[in-house]
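Analysis of the macromolecular model
So you can see what is in the structure, the chains are spelled out below.
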Amino acid sequence: MSLPTADLPQGSMLEEDSPEPTLIKVKRLSPSEDYKTEAWKNGLGETSEISIYPPEMDYKTEDFFWRFNLHKIYANCNFSVFPGYECTTIVLPDESKKSTLLLNHKGEEMSTNVKPLFPYSWNGAWPTSCRVSNGPITNLQFMYKKDLGTAQFYVEKIGQPISNESGETGQKLLLGSFALVYVVDGFVRITLDKNHLDGQSELLLPGETLYIERDEEASPTSIVIQAADSTGSVGGHELDATVIVMEISESKQNNTTVPSVDDTFGHTMEPLSGVSGVGAAPSQRREPRRKGSLVVYDDQPLINQLGSTSATTTSTTASVGGLGGITSEPMPIPGSMDVEVDILASNLQQSELASVDEGMRRDSIAMLRGKLDTSQVYEPPSFALLPQDTDVPPPVVRDRLVIEDFPINTISTAWIKMVKQGLSEWVRLPAIICRGSEDGMCESREQKKEINEKSVSISPVVGITAAVHGNELNGVPCIHRVVSEIDVKKLQGTVVAVPCVNMVGYLQFKREFADGRDLNRQFPGKEDGFASQVYCYQLMNKVISQFNFLIDLHTASFGRVNSYYVRADMNDSGSALLARLQQPQIVLHNSGQDGTLRSAASARGIKAITVEIGNPQLFQNRYVQWSYMGVMRILDNLGMFELNGGPEQQILLGPPNTVLCSKGFWIYTRTGGVLEVYPGVNTIISKGDVIARIKNIFGNVVDEYMAPCGGIVIGRSSNPVAMSGDRILHLGVIKRKGETLPKEAKENY
C-alpha cells in the first residue's frame, strides 16, 4: 500500500526560544566630542582616552576592566606599570616620515621594533621604556585586567585589494561582551545584526571609534564593515579603508569563589549574571537572562508514531543539556536487534568456566571465563538482508552528459571525459542515469500550495554527487542504495548520480585534487585556470548544467568527525524544502558565495543543498541509511518516485528532530600540543563550558578552551596532534525565535 510522504514520520525542526536582544549599547565616538585628551606632565607626550570600562573610572586611583587610549609620543620615555594588566600597542602608520618605536622590557639588552599596524603585547607589570625616532609617533594602546577577561585584535584592509582567501573583508561574528572598531584611514560604513537594530549602520570617519556593548550570554552578533566615500556610499572599486577591531570577552570559571565586586572595583556594581569565577567581570547592564529552550520551528510536524515495523530495534539515549527544555531522546542504532543466542551458548553463561572439549559441537561457544555478551554475536542488519544490487549495465563513454542520449525507462551508466592527465589520457567521471518517463509531472506538495493546486508540466532532473573530496565516502553507498531502490518504470523525470566527483583524490585517499587544491573552493572554475579550476569548469558545463536540483553528499575531512547535517540557504524556499525533507540532526543556514559546488549551482538557478554524512574514509551504516531516506523523501515530494512505505524504508527513518542554526563557526587552537576535545557531535553546550584542553607531550595542560557562546556541536576534531591554528570544534548557533536569517551567512572554514 502506498504511504504518502505527509504520513511518514517527520523529524521536527527546532530553534531556540530566546528572543532577548544581543546588543545593549552602540555608540560612535568622535575625537572632538568623546575622546578625553590629557598632556603628560613630563611634556613627552599626550593621551586621549577613547573609552574605559566601567565608565567614568579614574584609571589612576581605581581598578578597571579595560581602557582604550590614543597616544602621541614626542620623545623617549618610560611607560607606567600596571600589575595584573595585559598591554597591547598598535603603531599607526605615518607616510610623511619614517618614525620608529622601540620598546624595552625589564632592562633587557634587546629592544623590540614595533612595526605599524602589527599588534604588540606585553605584561603590564614589566617596567617598560620606549625610544622614539623621527617623532612624534602615534599609537593605540589597550589594557585589560587579565583575571577578568581576554581581548583579541584584528587589523583589516577593507575594500581593495582583497585580503583573504574567501574574497571577503570586514565580515565578522562578535562573540565577546565588547567590541571597539577604530578607523585608521578612509571612511567606513558599519552594519550590525539587523535582528536587533533593524540593520542599523554607522558611517565612521578616520580616527573615530565605534563602541559596541553586547550581552555575551546571547548568540553572536554579525558585523559588516564596508569601505565608503565621505557621503557614506559603498561599492566603489577605488574605495578602501583600514580598521582595527578589538573584541573583549569576560571570563567565566567554574567551582571557584567569586570575590565581591566592591573589593575588586572599590564601589558597588552588579556582578555579571550567570558568571562565576575569580574576578567576575563587572556589569551594570543586564538582568538575569532566561535560558532559551528549543521549540518547533515554523510548522514542522513532530514525529508521528507509526506502528512497529517487522524488525524490533533497540535504542540508546542521547542526552543533551545546556539549554532548558531539552530532554533525552531515543536514538536508533542500526542493526541492533534482539539477538536469540544459541541454546548451548546460553547454558555456558551459567558457569564461571566453560570447559574446552574437543567433543563439543563445532558451532558451540567455549569460554575460559565470564559470561557471554550477547552483543558479541553478529546478526546482519536488516538493510543488509534486502536486495541492494544496482543492476546497472556496462558504461558507455561520452564527451559530456546529454540526458536525451539515454533511453527512457532505463538505468544507464557512462564515463564522462573531463580533463587530460599527464599521460594524455582522459580523467573520466562515472555517472548513473536513471531516466524515467518524460511526460511526468513535477507536483511537490509544497508547490501545489503555492500555485493553487495547478500542476507544473516539467521533467525534473535531480543530481546527486558524492566524493567531491576524495576521502569523503559515505555518499557512495547512499547513491548505490538510491539507484538500487528506483524502479525506472515508475520514475517520472531523471535522476543522475555521480558516485565519485574527485577521481584523483579518491584513488589517493586524499581530500584534494591533483594540484593539491580543494575542489570545493574553486567552483564554478575557469576554462583557462589551474588544474582544479579547469576540472570544476568542465564539471559545471558538462554535467551540473543538466540539473534542476542538486544534492551534494559530503562527510568531515581527515582528523575531524561530523554530525549528520545539511548546509543550505534557508532563505531560499526551494533549498529550504530540500533541507527539511532530508530530516538531518542539524540544518545550518549558509548562503553560499564561497566557491563550493552548492554555491555555484545555486547561482545558476539550481536548487541545491550540501548533506554532511558523518566521517571520512569509511562507511557509517546509520548515516548512510538516513541520507538514503532523505533523498527518497525528496524524490517523493517532487512527484518523481513514490515511497511505498514498506519495511525496507522504515528501518531507519532518521533522527527524532532537527535543530536549525542561523550561523556556525569553527573554534581554533591558540597553541600546539596534544588536543583533547570533550563534547560529542550533536550535543548542546552552554557558554563557558570547557570544550577542550591542550597538553604538552609530558602531559602538562598548556591551554584550555571554553565555549564562547551556547550552541550545538556540528563537528569536531578527532586528531589529537594539533598545531597552532588547528580546528577544535564546529559550533552552530541555534536560531532564536523571531530571528531573521541573514541574507549572507558564511563560515570560517
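What counts, and at which threshold
- Residues numbered from 1 in each chain as written.
- Predicted model: local features only at pLDDT ≥ 70, side-chain atom pairs only at ≥ 80, totals over all residues.
- Heavy atoms only, no water.
- Helix = DSSP H or I, 4+ residues; strand = E, 2+ residues; numbered from the N terminus.
- Buried < 20%, exposed > 50% of the residue type's maximum accessible area, 1.4 Å probe, protein only.
- Contact = heavy atoms within 4.5 Å.
- Pairing = 2+ DSSP bridges.
- Salt bridge = Lys/Arg side-chain N within 4 Å of Asp/Glu carboxyl O.
- Polar contact = N/O pair within 3.5 Å; in protein donor to acceptor, adjacent residues only side chain to side chain.
- Axes fitted to C-alpha atoms, helices over the stretch in contact; angles between N-to-C directions.
- Expected span 1.5 Å × (residues − 1).
- Core = buried A, V, L, I, M, F, W, Y, C linked by side-chain atoms within 4.5 Å.
- Phe/Tyr/Trp six-rings, centres within 6.5 Å; stacked < 30°, edge-to-face > 60°.
- Lys NZ or Arg CZ within 6 Å of the ring centre and 35° of its normal.

Per the secondary structure count, the protein chain includes 10 helices and 41 strands. Here the protein chain, with 749 residues, has 53% of them falling under the buried criterion. Contacts spanning at least 24 positions in sequence make up 71% of the contacts within the protein chain whose residues lie at least 6 apart.

Read across the open sheet, the four strands follow the order E38-E37-E35-E40; overall the sheet is antiparallel. Every other strand in the sheet has two partners, leaving strand E38 (701-706) and strand E40 (721-722) as the edge strands with one partner each. With five bridges connecting them, strand E37 (residues 690-695) and E38 associate as antiparallel partners. Within E38, the residue paired with Ala-692 across the bridge is Tyr-705.

Moving on to the pattern of salt bridges. In total, this model carries 16 salt bridges according to the counting rule given. The salt bridge partner of Arg-28 is Glu-208, with a shortest N-O separation of 3.7 Å. Within this pair, whereas Arg-28 is found in strand E2 (residues 23-29), its partner Glu-208 is found in the loop between strand E17 (201-204) and strand E18 (209-214), the two being separated by 180 residues in sequence. Taking the relative accessible area as the measure of exposure, Arg-28 reaches 37% and is therefore partly exposed. By relative accessible area, Glu-208 is classed as buried at 6%. The partner of Arg-567 in a salt bridge is Glu-612, and the shortest N-O contact between them spans 3.2 Å.

This brings us to the environment of Arg-28. The sequence separation of Arg-28 and Glu-202 amounts to 174 residues, and the corresponding C-alpha distance is 7.6 Å. Apart from residues lying up to four places away in sequence, Arg-28 is in contact with Asp-34, Glu-202, Leu-203, Leu-204, Glu-208, Thr-209 and Leu-210. Looking at Arg-28, its side chain comes within polar contact range of the main-chain oxygen of Leu-203, at 2.9 Å.

We now examine the sheet that holds E17. The strand order across the open sheet formed by four strands is E14-E19-E16-E17, and the pairing between neighbours is antiparallel. Looking at the sheet topology across the chains shown, the edges are occupied by strand E14 (171-174) and E17. Pairwise comparison of adjacent strand axes, ignoring direction, gives a mean angle of 25° for this sheet. Note: strand E16 (residues 187-192) against strand E19 (residues 221-228), six bridges, orientation antiparallel. If you follow Val-188 over to E19, its bridge partner there is Ala-227.

This next bit is on helix H10 (residues 621-637). Between its first and last C-alpha atoms H10 spans 24 Å; for 17 residues at 1.5 Å apiece the expected length is 24 Å, and the two agree. Most of H10 is tucked away: 15 of the 17 residues are buried. Gly-639 lies just past H10 and shows a positive phi near 75°.

Moving on to the pairing of E16. Burial of the side chains of E16 is restricted to one face: Val-188, Ile-190 and Leu-192 are buried, whereas none of Phe-187, Arg-189 and Thr-191 on the reverse face is. Where E16 meets E17, four bridges bridge the pair, whose relative direction is antiparallel. Counted as the bridge partner of Val-188 is Leu-204 from E17.

This part is about the environment of Leu-92. You can see Leu-92 is positioned in the loop between strand E7 (85-91) and strand E8 (100-105). When sequence neighbours within four positions are dropped, the list of residues in contact with Leu-92 reads Leu-70, Pro-116, Thr-138, Asn-139, Leu-140, Tyr-182, Val-184 and Ile-244.

Positionally, Ser-251 belongs in the loop between strand E20 (240-250) and helix H2 (261-265). Of the polar contacts made by the side chain of Ser-251, one reaches the backbone nitrogen of Gly-149; its length is 3.1 Å.

The next thing to look at is the nonpolar core. Leu-553, Met-570, Ile-609 and Leu-635 are the most contacted members of the largest nonpolar core, which has 47 residues in total. At nine residues, H10 tops the list of elements feeding residues into this core. The contacts of Leu-635, once residues within four sequence positions are left out, are Val-462, Ile-486, Val-495, Met-640 and Phe-641.

Right, let's talk about the packing of aromatic side chains for a bit. What describes a pair of aromatic rings is the distance from one ring centre to the other and the angle between the planes of the rings. Applying the stated rule across the entire model yields 20 aromatic pairs. Here the aromatic residues Tyr-53, Phe-65, Trp-66, Phe-68, Phe-142, Tyr-144, Phe-153, Phe-178, Tyr-182 and Tyr-211 are joined through ring pairs into a cluster of three or more. The ring of Tyr-628 is capped by Arg-481, whose NZ or CZ atom sits 4.0 Å from the centre of that ring. When the ring centre of Phe-530 is taken as origin, the NZ or CZ atom of Arg-517, which lies over that ring, is 3.7 Å away.

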